Every structure is written in structure tokens, then in C-alpha cells.
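# What the coordinates show
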Amino acid sequence: MTHSTPSAAGGLTGASRLPSPYDHGPGAQTANLADILERVLDKGVVIAGDIRINLLDIELLTIKLRLLVASVDKAKEMGIDWWEHDPSLSSRAARPERSLADENERLRAEIAALKAADRRPEP
């Protein structure tokens, strides 16, 4: 049996407690979430999987899932930079040369020309 004596600060000293599963012995390193996340982003993690749906040995559907978790720097190092070229994700990405309004106007003119050509009598 252990005895506890009051300390000057009002707490108990010398009290024993059960070891916690999270206690580490001397010299053991602890890794917190930030350390783990830093390591994962620095090295990168790839998770891959396939889902196949077959009916009587006939493949009906195949879904290939690929997930890459990495920092932007690591992704660029691996040659992955699609977000830099997507106009909806980057202001520096090349925009289409024509606006939607210009394209609509061009298509309307083309449709009008086709309708006019369709109305002409054949020689």
C-alpha cells in the first residue's frame, strides 16, 4: 500500500498510479500528430484500390481509385502540377482564348448560315 503526504502546494506527493498505455519508457520518442503529418507530406503516401462488379464472369463495372497525399513541393517534385494549369483553380492558368459569349455568338452565326443554306432551293 502506498502512502501520500500533502505537499506545500496542497497536492499529493509520492502517490503511485497505474501505468498508462501512452507512457513511454526512458529514451522512447513520442510522435505527435504534427510530426506524423509532416512525415507523410514530406514523403507522400499512395493509396490504390480497384472495385470490380461482375455478374456471371461478365465485368459490368470497374472503378480504379488512386489517392496521393503529399505536400505541394513533393507533388511538383514527382511531376504532378495539374492544379497550376486548371483555370478554375489557378489565376495564373491559361484562360481559353474565347469567352463563352463569343463562342455562343459564333455558334448562332453558324446555325443561321446553315438555316439560310437549307432554305435555298437546289439548282
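Residues numbered from 1 in each chain as written. Predicted model: local features only at pLDDT ≥ 70, side-chain atom pairs only at ≥ 80, totals over all residues. Heavy atoms only, no water.

For the protein chain, an unreviewed UniProt entry supplies the name Gas vesicle protein and the organism Streptomyces tuirus. Its UniProt record gives the protein chain a comment under Subcellular location (unreviewed entry), which states: "Gas vesicle". (UniProt positions renumbered as here; feature names shortened; annotations may be inferred.)

### Looking at the overall build of the protein chain
Scanning the protein chain for helices and strands turns up three helices and four strands. Starting at the N terminus and walking to the C terminus, you meet the elements of the protein chain as β-β-α-β-β-α-α. For the protein chain, buried positions account for 3% of its 123 residues. In the protein chain, once contacts between residues fewer than 6 apart in sequence are set aside, the share between residues at least 24 apart is 14%. Surface exposure of the protein chain reaches about 11,500 Å², of which carbon and sulfur atoms provide 57%. (Helix = DSSP H or I, 4+ residues; strand = E, 2+ residues; numbered from the N terminus. Buried < 20%, exposed > 50% of the residue type's maximum accessible area, 1.4 Å probe, protein only. Contact = heavy atoms within 4.5 Å. Areas by Shrake-Rupley, 256 points an atom, 1.4 Å probe, with all protein chains shown as cover.)

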